[in-house]
Amino acid sequence: MSDQESIDEVPLRRRLQTQQSTVFTRRQQAVCVRRAYKHYGNKRAPTVVLEGLNMTVPKGCIYGLLGASGCGKTTLLSCIVGRRRLNSGEIWVLGGKPGSSGSGVPGPRIGYMPQEIALYGEFTIQETLVYYGWIAGMSSSQVEQKIDFLLKLLQMPPSSRFVKNLSGGQQRRVSFAAALVHDPELLILDEPTVGVDPVLRQSIWDYLVSITEDGRKTVIITTHYIDETRQAGIIGLMRGGRFLAEESPDSLMTQHMCSSLEDVFLKLSKLQNMKKRRRSTFMKEVMGPIAPEDSPDVDTTSEISGEFGDNISVSIKDMRTVTDGDILNDMPPEDEVEKSKLDCIKFLTLNRMKALIWKNFLWMWRNVGVMMFIIGLPVVQIVVFCLSIGRDPKGLHLAVYNEELNHSQELCIPSTGCDLMGLSCRYLAHLQSRNVLLDYHDSLQDARQAVQAGRAWGALYFSSNYSDSLVRRLNDVRGASELTLDQSEMKVWMDMSNQQIGQLLNRDLILAYMNFTKDVLGDCKYNTKVAELPVRLNDPVYGYRIPNFTDFAAPGVILTIIFFLAVALTSGAMLIERNEGMLERSLVCGITSSEILFSHVVTQFVVMCGQTSMVLVFSFLVFNITCEGHLVWVVLLTMLTGLCGMCFGFVVSCLCDNERTATYLALGSFLPIVMLCGIIWPVEGMHGSLKIISFLLPLTKSTESLRTILARGWAISQPTVYFGFVATMLWMAVFLVTSILVLKFKKG
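Worth saying up front: this structure is predicted, and the values here are computed from it rather than measured.

**Considerations on the overall build of the protein chain**
Regarding its fold elements, the protein chain presents 25 helices and 15 strands. Counting all 748 residues of the protein chain, 48% fall into the buried class. By element, 58% of the accessible surface of the protein chain is carried by carbon and sulfur atoms, the whole surface being about 36,200 Å².

**So, the pattern of salt bridges**
In total, this model carries 16 salt bridges according to the counting rule given. Among the salt bridges present, the one from D508 reaches R507, with a minimum N-O distance of 3.4 Å. Assessed through its relative accessible area of 8%, D508 is described here as buried. Given the relative accessible area of 22%, R507 is considered partly exposed.

**Regarding the sheet that holds strand β15 (residues 491-494)**
Strand order in this open sheet of four strands is β13-β12-β14-β15, and the pairing throughout is mixed. Unpaired on one side and paired on the other, β13 (436-440) and β15 mark the two borders of the sheet. Ignoring which end each strand starts from, the neighbouring axes of this sheet average 25 degrees apart. Pairing of strand β12 (residues 396-402) with β13 involves five bridges; the strand directions are parallel. Directly across from H397, in β13, lies its bridge partner L437. Strand contacts of helix α14 (residues 444-452): β12, β14 (458-462) and β15, with the helix running at about 165 degrees to β14, the strand carrying the most contacts. Together, β12, β13, β14 and β15 form the strand contacts of helix α17 (residues 499-523), whose direction differs from that of β15 by roughly 165 degrees.

**Looking at the environment of R473**
Looking at the secondary structure, you find R473 in helix α15 (residues 466-475). What makes R473 partly exposed here is its relative accessible area of 33%. Once the C-alpha coordinates of R473 and S488 are considered, the two residues, 15 residues apart in sequence, prove to be 7.3 Å apart. Not counting the four nearest positions on each side in its chain, R473 is found in contact with T484, L485, S488 and E489.

**Considerations on the state of the cysteines**
As enumerated under the stated definition, the model contains two disulfides in all. Disulfide pairing places C412 opposite C425 at an S-S distance of 1.8 Å. As the torsion about the S-S bond is roughly -115 degrees, the C412-C425 disulfide counts as left-handed. You can see C412 sitting in the loop between β12 and α13 (423-432) and its partner C425 sitting in helix α13, a full 13 residues away along the chain. Since its relative accessible area comes to 5%, C425 is described here as buried. Across a sulfur-sulfur distance of 1.8 Å, C418 and C524 are joined as a disulfide pair. Across the disulfide from C418 to C524, rotation about the S-S bond amounts to roughly 110 degrees, and the bridge is consequently right-handed. Separated by 106 residues along the polypeptide, C418 in the loop between β12 and α13 and C524 in the loop between α17 and α18 (549-579) bring together distant segments of the chain. Residue classification places C524 among the buried residues on the basis of a relative accessible area of 15%. The connectivity of the disulfide bonds within the protein chain can be written as 1-3, 2-4, using the sequence rank of each bonded cysteine.

**Let's talk about the sheet that holds strand β4 (residues 88-93)**
Strand order across the open sheet formed by three strands is β2-β1-β4, with antiparallel pairing between neighbours. At either end of the open sheet lies a strand with only one pairing partner, and these are β2 (47-58) and β4. The average angle at which neighbouring strand axes cross in this sheet is 15 degrees, direction not considered. Relative to β4, strand β1 (residues 29-40) is paired through five bridges, and the arrangement is antiparallel. When the bridges of β4 are listed, C32 appears paired with W92. Taken strand by strand, helix α3 (residues 73-80) contacts β1, β2 and β4, and its axis lies near 60 degrees from that of β2.

**Some words on the packing of aromatic side chains**
Scanning all chains against the criterion turns up 21 aromatic pairs. Here the aromatic rings of Y427 and Y513 are separated by 5.6 Å at their centres, their planes lie at 55 degrees, and the arrangement is tilted. With Y427 in helix α13 and Y513 in helix α17, the pair connects residues that are 86 residues apart, well separated along the chain. Overall, Y427 belongs to the buried group, its relative accessible area being 0%. Relative accessible area serves as the criterion here: at 28%, Y513 is assigned to the partly exposed category. Over the aromatic face of Y132 sits the side chain of R585, whose NZ or CZ is 5.2 Å from the ring centroid. Between R707 and the ring centre of F552, over which it is positioned, the NZ or CZ distance is 4.0 Å.

**A look at the packing of helix α12 (residues 368-388) against helix α20 (residues 593-622)**
One way to put it is that α12 packs onto α20 with a least axis distance of 9 Å and a crossing angle of 25 degrees. In terms of orientation, α12 and α20 fall into the roughly parallel class. Crossing of α12 over α20 shows right-handed handedness. On α20, the residues touching M371, I374, I375, P378, V379, I382 and V383 of α12 are V607, G610, Q611, M614, V615, F618 and S619. Residues of the contact of α12 with α20, tallied by class, amount to eleven nonpolar, three polar and no charged.

**Concerning the nonpolar core**
Counting residues in each nonpolar core, the largest one holds 69 residues, and the members touching the most others are F176, L187, L189, L208 and L237. Examining the composition of this core, we find that seven residues originate from one element, helix α4 (residues 125-135), more than from any other. Formed by 49 residues, the second largest nonpolar core is a distinct cluster that contains A554, M608, F648 and V721.

**Section: the side chain of T603**
Of note, T603 is situated in helix α20. A residue is classified by how much of its surface remains accessible, and T603, at 0% relative accessible area, is buried. Polar contacts involving the side chain of T603 include one to the main-chain carbonyl oxygen of S599, which spans 3.0 Å. Among the polar contacts listed, one links the side chain of T603 to the backbone oxygen of H600, at a separation of 3.3 Å. Once residues within four sequence positions are removed from consideration, T603 is found in contact with I357, N360, F361 and M364.

**Describing a nonpolar patch on the surface**
Taken together, the side chains of F670, L671, M675, I680 and W681 define a hydrophobic patch exposed on the protein surface, amounting to about 500 Å² of accessible area. Here L671 lies in helix α22 (residues 659-676).

**Here's the deal with α12**
Counted at 1.5 Å a residue, the expected span for α12 with its 21 residues is 30 Å, and the 30 Å between its end C-alpha atoms agrees. Where α12 bends most, the angle comes to about 30 degrees, and this point is G376, followed within four residues by the proline P378. Taken together, the buried positions of α12 are M371, I374, P378, V379, I382, F385 and C386. The positive-phi residue at the C-terminal boundary of α12 is G390, with phi of around 90 degrees.

The rules behind these values
- Per chain, the residues get numbers from 1 upward, laid out in the order the sequence is written.
- Under the rules for a predicted model, residues below a pLDDT of 70 receive no local features and side-chain atom pairs below 80 are neither given nor counted, while totals for whole chains, interfaces and linings still include all residues.
- Excluded from the side-chain calculation are hydrogens and water; included are all heavy atoms of the structure.
- For helices the rule is a DSSP run of H or I covering at least 4 residues; for strands it is a run of E covering at least 2, with both sets numbered from the N terminus onward.
- Partly exposed describes any residue whose relative accessible area lies between the buried limit of under 20% and the exposed limit of over 50%, with all areas from a 1.4 Å probe on protein chains only and scaled to the type maximum.
- All accessible-area figures derive from a Shrake-Rupley calculation using a 1.4 Å probe, and residue coverage is judged against the displayed protein chains alone.
- Salt bridges are defined as contacts in which a side-chain nitrogen from Lys or Arg sits within 4 Å of a carboxyl oxygen from Asp or Glu.
- Note on pairing: two strands pair once DSSP finds at least 2 bridges between them.
- Every angle, taken between N-to-C directions, lies between 0 and 180 degrees, and every axis is a line fitted to C-alpha atoms, over only the stretch in contact when it is a helix.
- In what follows, a contact means two residues having at least one pair of non-hydrogen atoms within 4.5 Å.
- Note on disulfides: each one is a pair of cysteine sulfur atoms within 2.5 Å.
- Aromatic contacts are taken between Phe, Tyr and Trp rings whose centres are within 6.5 Å, Trp giving its six-membered ring; a plane angle under 30 degrees counts as stacked, one over 60 as edge-to-face, and the others as tilted.
- Each ring is checked for a lysine NZ or an arginine CZ that lies within 6 Å of its centre and within 35 degrees of its normal; such an atom marks a charge sitting over the ring.
- Orientation labels follow simple angle bins: below 35 degrees gives roughly parallel, above 145 gives roughly antiparallel, 65 to 115 gives roughly perpendicular, and whatever is left gives oblique.
- Helix crossings get a hand from a simple test, with the near helix turned counterclockwise from the far one by less than a right angle marking a left-handed crossing and a clockwise turn marking a right-handed one.
- Polarity classes work like this: nonpolar for Ala, Val, Leu, Ile, Met, Phe, Trp, Tyr, Cys and Pro, charged for Asp, Glu, Lys and Arg, and polar for all others, with Gly in that last group.
- What is meant by a nonpolar core is a set of buried Ala, Val, Leu, Ile, Met, Phe, Trp, Tyr and Cys residues, joined one to another through side-chain atoms within 4.5 Å.
- Pairs of N or O atoms are called polar contacts if they sit within 3.5 Å, as long as, within protein, a hydrogen donor faces a hydrogen acceptor (for residues adjacent in sequence, only side-chain-to-side-chain pairs).
- The residues that make up patches have over 30% relative accessible area and no salt bridge, and they are joined within 9 Å when like-charged or within 5 Å when they are Val, Leu, Ile, Met, Phe, Trp or Tyr.
- How far a helix is expected to stretch is found by multiplying one less than its residue total by 1.5 Å.
- Bend is the name given here to the angle between axes fitted to two runs of seven residues, the run ending at a residue and the run starting at it.

See the structure below:
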C-alpha cells in the first residue's frame, strides 16, 4: 500500500482526535505556537521563513530546537519573545500573548541570550550583570549574590574584567550569565555553548537540567551540537520553516531506528523531500485550491508528530476548531493579569529607568576621550565661525594708474592743509587707511590687465589734470564743461565675480572719498557737511550703521551647531546599541521604547548642557557677539533646540538600520535646513514656494526668534520670540511621537 493510500484512509475525525490528544492546555505549556507563518520581502514573491509551524513547549522541561542555519530558528525565537510579529498564526508564552498587557513578555519572566554577544564592551562583568539584574527588578544585594554563584558556575574570569578584554568563549559565558541573573521562568538560549569547553558545556547542561526538575522553569535552547540535546526533554527538528518532528530524543531514535539524532535528522529530511509533493497534491484534492495572494497568511497544512512520529496533515480549519477553544478556556484569570500589570508599573519601571540612566552615564564615563571631543567640538566650530565669518577682508589689491604722477615709481605724496594740488594722492592716502593695497602701473592697459589676470580686484584711473578739473568742478557748478566733469572723475573697473569682496571694496571707495572730501573742505575752512549726501541716516533703531554679518549669521550658526551635534550624538548611540544587539536584548528584558528614549534624553541633556554653555561663553564673552536681550531666553531657546535635535536623532536612528544610512539622512537634512531656515540668507529673499517649505523646517522660527532676542533685545512676550519657542517644542513632540511609534511597530 502506497503512502498516498495510507494517508487517504485516515478519517478526518481520527486526525482531529490525534491532534487533540497532543495539545496540552495553555496552563501546562510554557510556549504554544500554532499555524505560524512568517515571510519577508514582496508579497508576490515572498521569502518564507516559517510555514504553518506548530510548536509545543511544556512547562518544566528543556526543549532543544535543532536545525541548520537559515531554517528559521532565530526568527521563531524572536517571535516568541515578542520582538517580531507573525504574518499569521498564534503564539502563547507563559499563558499570554507576547506583548499583551500584563503578560510579562517581553519582560523579566523571560531570560534571553541572543546569537550575537550583545554586551557593552566598556563594562566589566559585574557591571553587565548589575545592569540586567536592575532591569529585571532585582536589588543590588540580590544581584551580588547571584553574581558570585554565576562566576563559579560558568567558570568566568574575575568580575572586574572588562567584557571587551575577554575571549569569544568568555564573552558568550557572560552573555549566558546575563540571561540567568534574574532567575527567569522561561530561559531562551540561542546557541549558548558555541566555543565553550566540553567540560564546561556539560556543567551548563547539568545546571539547566537541575533548574527544570521542579517543573517551574523551562528552557528553550538552540545549538549546533545536535547530540548534546539528548539531555533535553523534547527536541524539535526544524527544516525549511517547518518541524520534521517534535518528540523526546530517545523516542525519536527508537521510532526511526537510528543510533544518533543526526541520523534521525537526515532520515526525516529525506522523507520530507519525498512527501512534500504528495502532501501538497492531497491537500488540493481535499480542500481545493487556496490562492496564496488572497490569503498569504494561511498555510494549507500543518505537520505534527503523532504517537509514533508519523507526519499527519491536518486542515487549518479543523486545527482552529481545536486550538481556539483551548485558548479561550485557558486564559489566565483577570486578577492575575491585572496584578502582573500593576507589579510592572509599580516596581519595575523605576528600576529600569535607574538601570538605563546608570548605563548611559557609565558608558560616557568609560569613553572620556570621546565625550571630551563631543563637548569640545562645538567650541572649535564656534571659534572657527567667529574668526572666519563676518570680518572685513584685508590686504585686497587695487591696480592704480595715476597720470598726475610722471611714472609708477614716483612717490605719491598727498598734499596737506588747503593745498589743492595732488588731490589724487590725498584720496589714495585715505583709501590706504582702510587696509587696501595699491599697486601702481605705468598705463591704464597694464592696470586693467592686472584685474583680468586676477592680481587685483579693481583698477583706478586718475587723469593728468585731475586736481585742477576737480577744483573747477567745485568752483563753477553751473558752467563746468563736459571735459572738466569727465577729467574730475576717478574711473574704476571692478572684478565683481566675488559679490562680498566687490561690495566691500565699493563701500571702501565711497567712504574713503567722503572722508577725503571732508578733509579738504575742513582744511579750506568750508562746512564739511557739504560733502555729505543730502540724506540723513540717523542712528538705527536696532543694530549698527555698518551691519556686521557675524551678528546676522551667529544665531543660526549657534542653533545649527547645537542641533546637529545632538542629532549625531543621539543617533550614533542608538545605532551602536541596535547594531550590536544590545538594544534588542534590552527590549526583550522588558524595557519600553519610551523608557529608552527618556533615558537617552536625560543623559544626552547633560552633555548638551556642557556643549551649550561652552558655545555661549565663547560666543558672547570671548568674541563679543551682540546680545541686546536677556541671556536667560538665549540659553533656554538654545537648550530647547538641542533637545529638538536629540529627538530628530531618535527618528534617524529608528528609521535607519546602519550608520551609513543615518549619515546620508543627517547630511541630506543638513543642507536644506542651513539654506532654507534663514541662517545664511534672509527668508524674505527666497522664492515663494521655498518660503512655505522654510516655514515647515525646525530651525526657521527658532533662528528668527534668537536673532530677534540678540539684535533687538525683545522678550518672550513678543510673537516673533515666542513663536520660536512654540515651534521648537512642537517639533520635539512630533519627533518623539514618531520615534516611539517606529520603535514600537518596527518589528520584522
